[in-house]
Amino acid sequence: MLVGIKNVSKLIGISIIACCAVLVCTMFLNFYFDIRLIESEITSELSMFFYNAQVSTAKVVCLVSGGCLLLTAIVMLLFYIKHYIDTHKKELGILKALGYSNIKIAKSFWVFGISIFIGTVTGYAGAFLIMPWFYALQNEDKMLPEITINFHPSILFYFVVLPTVCFSALSVYYAWYKFKKPVLLLLKDNMQTASKTPNHRIEKSSELSFVEYLKRNTLKSKKALVFFIIFASFCFSAMTQMSFSMKDLSSEMMGVMMLVIGLVLAFTTLFLAITTVINGNTKTIAMMRVFGYSQKECCRAILGGYRPLSYIGFIIGTVYQYGLLRLMVDIVFKDVEGVPTYKFDFPTMLISLACFITIYEIMMYIYSEKIKKISIKEIMIE
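Model, not experiment: these values are computed from the prediction.

> Is there a simple way to think about the pattern of salt bridges in this case?
Any two side chains of opposite charge can pair, on the condition that their charged atoms come close. Counted according to the given criterion, the structure contains two salt bridges. Close ionic contact of Glu39 with Arg36 constitutes a salt bridge, the shortest N to O distance being 3.8 Å. Overall, the relative accessible area of 39% leaves Arg36 in the partly exposed class. Between Arg307 and Glu361 there is a salt bridge whose closest N-O contact spans 3.0 Å. Of this pair, Arg307 sits in helix H14 (residues 306–332) while Glu361 sits in helix H15 (residues 346–372), placing them 54 residues apart in sequence.

As structure tokens, then:
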């Protein structure tokens, strides 16, 4: 059994998250190690303040950005393993019935580690492509002795080799854990679980229209997708607003890098989440169309519940970027002269919000057209 052949887009999504995480962490941790090599050459007190600020910045970026991306990669990996198992329960149950052990079936899930390896290698190589430009900008200030790029084997091990091994092992272990169910439970149809719904919930749901009930049920059935929708809008909000502020607080190159990474993460996560929602509800959409529901009603039932969540994510991203920049200005750069006082930038926030609404609504329109093209005949034949 080759896991993941039909889920290439999901594996690519995990690779992109891993690539962004390793790119950021590799570049700033490598810079941290290299700048520490010139500490003994610093003579003036002003240069020492600037040196400490650069060291603190590297630490903050690695811990905050790298940690956030690492957590996202783990959540995405576990979600797609669970999603694969849920959508192939019967096939996996048949394999168990034929005598395959849990660990033997779970071993095939190591393929998810390949996506991590591709992402980490790409991110590691991309960091060394950007570093010459980044180091040149840092050396322009002439506040510190010239910083040169050095190769640190420990970074290669911790950000390429170790994540690949750990994520492969995590994939196998999580799959093995999910298989620790009776064969009959894997073979049982998901519709049978509907009988377990409490009576008070059924009575309450009967007061809602079918479209509203389906919208709420779609959100509850895939809670992990709620996280991805919020995270996508969070990335767009935080990175777009932070990129403009970085031009004044750090460098234009830093701002451009954050903007690109934020947009890549936002579009990748949103694309994977919405695609998963639609693919997981194709039969529901087909039945709604059979019973005469319009395309607009289908979209509202399947995708409408995620719109307010995306705005919540935008608000969280706005607060996050403001808090992080205030932390850098008030604590990291407090002893460095010439650093401007950071104030919340309302015009930038409004521009970012307008761009977000426009892009989000365009994507929803594109996916609504995809819903329109779902073949009822093909769904009914399955």
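> How should I be thinking about the environment of Leu29 in this particular structure?
Here Leu29 shows up in helix H1 (residues 8–36). Judged by relative accessible area, which is 22%, Leu29 ranks as partly exposed. Separated by 32 residues in sequence, Leu29 and Val61 have C-alpha atoms that sit 9.1 Å apart.

> Sorry if this is basic, but what is going on with the packing of helix H9 (residues 210–221) against helix H13 (residues 295–302) here?
For any two helices packed against each other, the geometry is given by the interaxial angle and the distance between the axes. The geometry of H9 relative to H13 is characterised by a closest axis approach of 7 Å and an angle of 35° between their N-to-C directions. Residues Val211, Glu212, Leu214, Lys215 and Thr218 of H9 lie in contact with H13, whose contacting residues are Glu297, Arg300, Ala301 and Ile302.

> Quick question: what am I supposed to make of the environment of Tyr174 here?
Assignment of secondary structure puts Tyr174 in helix H6 (residues 153–178). For the pair formed by Tyr174 and Phe109, sequence separation is 65 residues and the distance between their alpha carbons is 9.1 Å. Not counting the four nearest positions on each side in its chain, Tyr174 is found in contact with Leu78, Ile81 and Lys82.

> Would you mind showing me how to read H9 here?
A rise of 1.5 Å per residue sets the reference length of H9, with its 12 residues, at 16 Å; its end C-alpha atoms lie 16 Å apart and thus fit the reference within 8%. Buried residues of H9: Val211, Leu214, Lys215 and Thr218, and no others. Take H9 and look down its axis: the buried residues cluster within an arc of 105°, on one side only.

> Would you explain the nonpolar core in this entry?
A general trend in soluble globular proteins is that nonpolar side chains are found buried together. Counting residues in hydrophobic clusters, the biggest one holds 86 residues, and the most contacted among them are Phe28, Phe112 and Leu303. Considering each element in turn, this core owes the most residues, 15 residues, to helix H2 (residues 45–87). The residues that make up this core include at least three from each of domain 1 (1–189) and domain 2 (208–381). With residues up to four places along the chain from it excluded, the contact list for Leu303 reads Ile274, Val277, Ile278, Met364, Tyr367 and Ile371. Met239, Met258, Leu324 and Leu325 belong to the second largest nonpolar core, which has seven residues in total.

Thresholds, definitions, all that
- Residues numbered from 1 in each chain as written.
- Predicted model: local features only at pLDDT ≥ 70, side-chain atom pairs only at ≥ 80, totals over all residues.
- Heavy atoms only, no water.
- Salt bridge = Lys/Arg side-chain N within 4 Å of Asp/Glu carboxyl O.
- Buried < 20%, exposed > 50% of the residue type's maximum accessible area, 1.4 Å probe, protein only.
- Helix = DSSP H or I, 4+ residues; strand = E, 2+ residues; numbered from the N terminus.
- Axes fitted to C-alpha atoms, helices over the stretch in contact; angles between N-to-C directions.
- Contact = heavy atoms within 4.5 Å.
- Expected span 1.5 Å × (residues − 1).
- Arc of directions from axis to C-beta.
- Core = buried A, V, L, I, M, F, W, Y, C linked by side-chain atoms within 4.5 Å.
- Domains from an automatic or database assignment.

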